[in-house]
Amino acid sequence: MSVFSEVPQAAPVAVFKLTQDFTNDQFPKKVNLGVGAYRTDEGQPWVLPVVKKVEKIIVHDDRLNHEYLPILGLPEFRSSASKIALGDNSPAIQENRVGAVQCLGGTGALKMGAEFLRRFYNGDNNTKTPVYVSAPTWENHNAVFSNAGFEDVRPYKYWDGEKRGLDLAGFLGDLESCPERSIFVLHACAHNPTGTDPTQEQWKQIAEVMMRRKLFVFFDSAYQGFASGSLEKDAWAVRYFVSMGFEMFCAQSFSKNFGLYNERVGNLTVVARDADNLKRILSQMEKIVRTTWSNPPSQGARIVAITLNTPELFSEWKDNVKTMADRVLLMRAQLKAKLQSLGTPGTWEHITDQIGMFSFTGLNPKQVEYMVKEKHIYLMASGRINMCGLTTKNIDYVAESIHEAVTKQCQDFTMQTKAVHVGRPRIIKRIKSLFHYCS
Amino acid sequence: MSVFSDVPQAPPVAVFKLTADFREDSHPQKVNLGVGAYRTDDCQPWVLPVVKKVERLIVEDESLNHEYLPILGLPEFRSASSKVALGDDSDAIKDNRVGGVQALGGTGALRIGAEFLRRWYNGVNNTSTPVYVSAPTWENHNAVFADAGFKDIRPYHYWDAAKRGLDFTGFQDDLEKAPEHSIFVLHACAHNPTGTDPTQEEWKKIAEIMKRRNLFVFFDSAYQGFASGSLDKDAWAIRFFVSEGFELFVAQSFSKNFGLYNERVGNLTVVAQDSENLTRILSQMEKIVRTTWSNPPSQGARIVSKTLNCPELFAEWKANVKTMADRVLLMRDQLKSKLQALGTPGTWDHITQQIGMFSFTGLNPKQVEFMIKEKHVYLMASGRINMCGLTSKNIDYVAQSIHEAVTKIQ
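In this text the structure is predicted, and so the values were computed from the model without any measurement. (Residues numbered from 1 in each chain as written. Chains lettered and ligands numbered in written order. Predicted model: local features only at pLDDT ≥ 70, side-chain atom pairs only at ≥ 80, totals over all residues. Heavy atoms only, no water.)

J.: So what's going on with the overall build of chain A? Residues and values would help.
T.: A count of helical and extended segments in chain A gives 17 helices and 13 strands. When each of the 439 residues of chain A is scored for burial, the buried share is 62%. Restricting to contacts in chain A with at least 6 residues of sequence separation, those with at least 24 account for 76%. For chain A, the computed accessible surface area is about 16700 Å², with 53% contributed by carbon and sulfur atoms. Side-chain charges in chain A split into 52 positive and 46 negative, and the spacing between the mean points of these groups amounts to 3 Å. (Helix = DSSP H or I, 4+ residues; strand = E, 2+ residues; numbered from the N terminus. Buried < 20%, exposed > 50% of the residue type's maximum accessible area, 1.4 Å probe, protein only. Contact = heavy atoms within 4.5 Å. Areas by Shrake-Rupley, 256 points an atom, 1.4 Å probe, with all protein chains shown as cover. Lys, Arg positive; Asp, Glu negative; His and termini not counted. Charge placed at Lys NZ, Arg CZ, Asp CG, Glu CD.)

J.: Give me the lowdown on the sheet that holds strand β10 (residues 265-271) of chain A, citing residues and values where you can.
T.: Residue and element names in this part refer to chain A. One open sheet accounts for 7 strands, arranged β2-β10-β9-β8-β7-β3-β4; its pairing is mixed. In this open sheet, the two strands that pair with only one neighbour each are β2 (98-104) and β4 (153-157). Each neighbouring strand pair of the sheet contributes to a mean axis angle of 25 degrees, computed without reference to strand direction. Bridging between strand β7 (residues 183-187) and strand β8 (residues 216-221) involves 5 bridges; their strand directions are parallel. Pairing of His187 across the sheet is with Asp220, part of β8. Sheet strands in contact with helix α7 (residues 168-177) are β4 and β7, and its direction is about 135 degrees off that of β4. The strands that helix α8 (residues 200-212) touches are β7 and β8; relative to β7, the one it contacts most, it runs at about 165 degrees. (Pairing = 2+ DSSP bridges. Axes fitted to C-alpha atoms, helices over the stretch in contact; angles between N-to-C directions.)

J.: Can you lay out unusual backbone geometry for me, pointing to particular residues and giving the numbers?
T.: The peptide bond linking A:Ala135 to A:Pro136 adopts the cis configuration, its omega dihedral lying at 0 degrees. Note that A:Pro136 resides in the loop between β3 (131-135) and α6 (141-147). Cis geometry marks the peptide bond from B:Ala135 to B:Pro136, where omega comes out at 0 degrees. The phi torsion at A:Ala190 lies on the positive side, around 50 degrees, for a residue other than glycine. Examined against the element boundaries, A:Ala190 turns out to sit in the loop between β7 and α8. Positive phi values are uncommon outside glycine, yet A:His376 reaches one of about 60 degrees. Along the polypeptide, A:His376 turns up in the loop between α15 (365-373) and β12 (377-378). The class for A:His376 is buried, based on a relative accessible area of 17%.

J.: Which residues make up the UniProt feature "domain: Aminotransferase class I/classII large" (unreviewed entry) in chain B, and what values go with them?
T.: Mapped onto this numbering, the UniProt entry annotates "domain: Aminotransferase class I/classII large" (unreviewed entry) at residues 29-402 of chain B. Between the C-alpha atoms that bound residues 29-402 of chain B there is a distance of 14 Å. The span itself is 44% helix and 15% strand. (UniProt positions renumbered as here; feature names shortened; annotations may be inferred.)

J.: Lay out the interface of chain A and chain B in plain terms, naming residues and giving numbers.
T.: If you look at the interface, chain A gives 79 residues, while chain B gives 77 residues. Summed over both partners, the interface of chain A with chain B buries about 6900 Å², with 54% contributed by carbon and sulfur atoms. Among the residues of chain A in contact with chain B, A:Phe4, A:His66 and A:Tyr68 are the three that bury the most area, contributing 12% of the side total. As a salt-bridge pair, B:Arg290 and A:Glu139 come within 2.7 Å of each other at their nearest N and O atoms. In this structure, the connection of chain A to chain B is made through 53 residue pairs in polar contact (both at pLDDT 80 or more). Contributions of two or more residues to the side of chain A that touches chain B are made by α1 (14-24), α2 (49-59), α5 (105-120), α6, α11 (275-290) and α12 (299-309) of chain A. For the side of chain A that touches chain B, the residue count by class is 34 nonpolar, 23 polar and 22 charged. (Buried area = accessible area lost by both parts, 1.4 Å probe. Salt bridge = Lys/Arg side-chain N within 4 Å of Asp/Glu carboxyl O. Polar contact = N/O pair within 3.5 Å; in protein donor to acceptor, adjacent residues only side chain to side chain. Nonpolar A, V, L, I, M, F, W, Y, C, P; charged D, E, K, R; others polar.)

J.: Summarise the domain arrangement of chain B; cite the residues concerned and give the values.
T.: Residue and element names in this part refer to chain B. What the domain assignment lists for chain B is domain 1 (14-47 + 325-408) and domain 2 (68-309). Centre-to-centre, using C-alpha coordinates, domain 1 lies 29 Å away from domain 2. Each partner contributes residues to the interface: domain 1 has 18 residues there, and domain 2 has 18 residues. Taken over both partners, the interface formed by domain 1 and domain 2 buries close to 1500 Å², and the fraction arising from carbon and sulfur atoms is 64%. Scanning the region where domain 1 abuts domain 2 turns up 0 salt bridges. If you look at where domain 1 meets domain 2, you find 6 residue pairs in polar contact (both at pLDDT 80 or more). Elements supplying a minimum of two residues to the side of domain 1 that touches domain 2: α13 (311-342) and β11 (358-360). Considering every element that reaches the side of domain 1 that touches domain 2, the biggest residue donor is β11, with 3 residues. When the residues that make up the side of domain 1 that touches domain 2 are grouped by side-chain class, the tally is 9 nonpolar, 8 polar and 1 charged. (Domains from an automatic or database assignment.)

J.: Please provide a residue-by-residue account of the UniProt feature "domain: Aminotransferase class I/classII large" (unreviewed entry) in chain A, values included.
T.: The UniProt record marks residues 29-402 of chain A with the feature "domain: Aminotransferase class I/classII large" (unreviewed entry), using the residue numbering of this structure. The span residues 29-402 of chain A shows a helical share of 44% and a strand share of 15%, and its end C-alpha atoms are spaced 14 Å apart.

J.: So, the domain arrangement of chain A: which residues are in play, and what are the values?
T.: Residue and element names in this part refer to chain A. Split by domain assignment, chain A resolves into domain 1 (14-47 + 325-421) and domain 2 (68-309). When each unit is reduced to the centre of its C-alpha atoms, the spacing between domain 1 and domain 2 is 29 Å. Facing 18 residues of domain 1, the contacting portion of domain 2 comprises 18 residues. Here domain 1 packs against domain 2, burying approximately 1500 Å² in sum over the two surfaces, 64% of which is carbon and sulfur. Scanning the region where domain 1 abuts domain 2 turns up 0 salt bridges. Between the two partners, domain 1 and domain 2, sit 6 residue pairs in polar contact (both at pLDDT 80 or more).

J.: Can you lay out the state of the cysteines for me, pointing to particular residues and giving the numbers?
T.: Residues and elements named next belong to chain B. Scanning the entire structure with this criterion turns up 0 disulfides over all chains. This cysteine, Cys388, is not joined by any disulfide, and Cys43 carries the nearest cysteine sulfur, 9.9 Å off. Residue Cys388 is classed as buried on the basis of its relative accessible area, which comes to 1%. (Disulfide = S-S within 2.5 Å.)

J.: Please give an account of the side chain of A:Asn140 that cites residues and values.
T.: Tracing the backbone shows A:Asn140 in the loop between β3 and α6. In this view, A:Asn140 contacts A:Thr107, B:Arg290, B:Thr291 and B:Ser294; residues no more than four positions away in its chain are not counted.

J.: Break down the packing of aromatic side chains for me, citing the residues and quoting the values.
T.: Applying the stated criterion to the full structure yields 63 aromatic pairs over all chains. Between the aromatic rings of A:Phe258 and A:Trp317, the centroid separation amounts to 4.5 Å while the plane-to-plane angle is 20 degrees, which identifies the pairing as stacked. One end of the pair, A:Phe258, is in the loop between β9 (248-253) and β10; the other, A:Trp317, is in helix α13 (residues 311-342), with 59 residues separating them in the sequence. Given a relative accessible area of 0%, A:Trp317 falls into the buried group. The interplanar angle of 70 degrees and the centroid separation of 6.0 Å between the aromatic rings of B:Phe254 and B:Phe258 together place this pair among those described as edge-to-face. Residues B:Phe254 and B:Phe258 agree in their burial class; the two are buried. Just above the ring of B:Trp348 sits the side chain of B:Arg164; from NZ or CZ to the centre is 5.8 Å. (Phe/Tyr/Trp six-rings, centres within 6.5 Å; stacked < 30°, edge-to-face > 60°. Lys NZ or Arg CZ within 6 Å of the ring centre and 35° of its normal.)

J.: I'd love a proper account of the nonpolar core, names of residues and values included.
T.: In terms of nonpolar packing, the biggest core is built from 216 residues, with A:Leu268 and B:Met285 touching the most fellow members. Non-local contacts of B:Met285, meaning those with residues more than four positions away in its chain, are made with B:Leu72, B:Val101, B:Ile112, B:Phe116, B:Phe249, B:Leu268 and B:Val270. In terms of nonpolar packing, the next biggest core, distinct from the first, is built from 33 residues, A:Leu86, A:Tyr156, A:Leu175 and A:Val238 among them. (Core = buried A, V, L, I, M, F, W, Y, C linked by side-chain atoms within 4.5 Å.)

Rendered as C-alpha cells:
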C-alpha cells in the first residue's frame, strides 16, 4: 500500500500534449501551430543573434560569479525591465514610485503578484476578492490565481465569436456590474488567444470605468515589441493607465521578445502611489519570493540587463524583435490572401486585423479535429493557431487544409450539435458562426 | 490614499540583513561569518573551474537553443541528480520508482514537495497534517511549509545546548509521540545550523521509529559532497532510508556543491512505492509547477547535467568539491587549536566534530552582539558561523575575538 494510492492522474497541459502528439506524428507534411514560440521560415527555433553575442560576453567576463542575487533579483535587470514597459521618460519612475520583482517568466510574475494581492489587497488575506480573466484567456491564468488562494475567479466578456472581434459592450458591462475592488487581468497587447486588442479609444473607456469603480489593474505583458514590432506601440495601454494614476501591477515576460523561453526571465513591475507604499509592498514581496524560490536565476536576467543597458546591443535587439514581428505579419498577410483566393467560405479579415503571435481562426472543435487528425496540422481546440508555425513552405498546405476543414465540416457538425447540445448558448453561437462560413 | 496603505513593512531576512550590515561596515578587520556561501582563502567567491569549463562548452554548442524545457525540467539533469543522491546502483532507480522534479534550488524543491503533500498526503487538502522541523533548523523551513498551506508546523528536539550535541533522546521521543502520518523534515547531512548529524546507528533508530509510526520522510539535502568531501558518505542516510523501503522525498540543492547559487539548481527526488504511483505523483507535480514557474530555468541544469553525465567532468567536479570541503576542515581544525591555545573557557571539540559549512559555536546572544558591534565579526544571533568565512589571514583575529567574547561577556 502506498500513501499515495489515492493520488489521481492529472490531465496533461493541453498545449504541451499537442506538441507531444506532433512530435510523435510521422506524417511528412505535419505542421505545429500549437505552442507559442517563434519559428524561422525554416520552421526552426531562433536564438536571437544579440542573445548569442551577449552570452559570449558573459562567459568571458571574469568579474562575474554565481553568488546569490538579491531576493528581488538583479537590480539593473529590474530597473531596465520596468523602464521598457513604462518608457524612458516615465514620470512614475522619476517619482520613485515604480519598483520591480525579478520573476520566473511571466508565470512567476503573475504568481508573485497574485500571492501578494491575496494577502494584502482589499483586506487581510481576503480570498474572496473576485479576480476577472478574459473569456477566453491564456489557459494558465485561472489556475495561477486560484492556486494563490483566490476562491472566486470569473470570466469577463471579451471575445465575440459571432462578429469575431472584441465584445466591448460585454466587457464594459462586466466592468460596471462587478463588485468594487475586483481584480482584472488585462492583456497589455496581442491578446492570447484571440489576437484582438482594444483600440486606444476603447482602452480609455475601460480605464474610465476601472478608475471610477476602484477596480485593480493587473496587466499581463508577454509580447511587448513582438506584437507590432514597436516597443512603444505595444506598451501604449500600460503607459496610458499609469498616466491616469492607477496603482497597478504589470507582469512582464521576456520569453518571446528575447526568445529566452527556457531561462525564465520575467519582471513584476509595481506602480505604487508613492515611494513609501512601494517600499512596504516590496518588503512583503520579498517574503513571498523567499518561500517560493528564495532568489531568482541569474543567466537570463543578465542577458536582458546587458542588452537593455547597452545602446548598441539595445538597437540590435530591437532589430531582432522587428525581424520576428515582421515575419509574423507577412504570414498573416499571406494566409489571408491564400484563403481569399481559394474562396474559402467566411471572411478572413480577422487574420490580419488580429495582432501578435496568435490568431483565433474561428475554426470549431470538429474542424480543428479534422485539421489535426486528417491533415496533421496541430492547433488548439479553441481554433487558436500560432502564426509563427507558418512558413513559406507550409502555408499553401495549411491554407488548403483550412479550406477543406471549413467546407467539409459544415454539415456534419451542425447535425451532431443539434442532436446533443440544443439550448447551450455557446454551441448555438458556434452554429451561427458556422452558417456564416457556409453562407 | 493607496489601496496598499495598510501593508506593513516586513522585517528583512536576517541573514541578508547581516550581510548588508557587513557591507556597510568600514572596519578594516571586519569578517563575515554569516551567509552560507563558500569563500576561498582570499575570502573571495569561487566559481568552480569545472563550471567555467562547462559554461564555455555550452556557449559554443550551436545545437542548443532556448526552447522551453519540459515542465518537470531537463530530463538528463533530473535523472543524473537523483542518481547522485541515491547512488549508481540504486535498486529503487532500477525498479523505475524514482523520479525527479527540477526545481528552483533547494527552496523550490521543498516548496513543490510541500505543495504536493498538502494537496495529496494524508487525505485530500489536509492542511492539518503536522509538519516537524528540527529545533533549530534553516530559518526558511517553517515559512515554506506554512506558505504551502500547512497550519501545524512544530519543532522536534534536536540540539542539546548543554552538551552541545544531538538531543537524541528528545528526538526519538518526538518521533514516538508525533501523530501518525506526521511529516518530518530531516537534514540529510551537515545539519544547518548546528553542523551536528546523527550517527549511522542513530539514523537506523530514527528510521525504525518512523517506519513503525508511519511518519513521512522529507530529506533536505543541500550539502552532498560538501560536508565530508565524499558524495557517497554524505548520502548514506538517504540511501539507508530508501533501502528500508520508505516512500520519501529528497529536496536537493546544487547551490553549494556546484557553487551555482544564483542559477537556482535544485531537484526534488521522489522515491515512490512503484512506477504506477510515481506516474500519478509526477502528473500532479506538473500541475503545481505550471502555476508557480511554468517550467524551470535551463542554464544551471545544463551545467550540472553535462558535468554529472561526463566521466572526466564528473571526476573534475568531485575534485573541486573536495577542495572546498578540505578547506573547511582545515579551518575547523585551526580554529579549535587556536581557541585551545588561547585557553578560551569551555570545550571546543564541537568545532571539529561538527560537519559542513556551519558551526554552532555556543556563543549566546550577548556574546554575539559583542562580536558584531565591538569586533566587527558578523555571525547569526544563534551563534552560527560559516566556516567558509574564515581564512588563514583572519582566523587569529576571529579566535581572539571569540576568546574576548567568552571571557568578557556572560
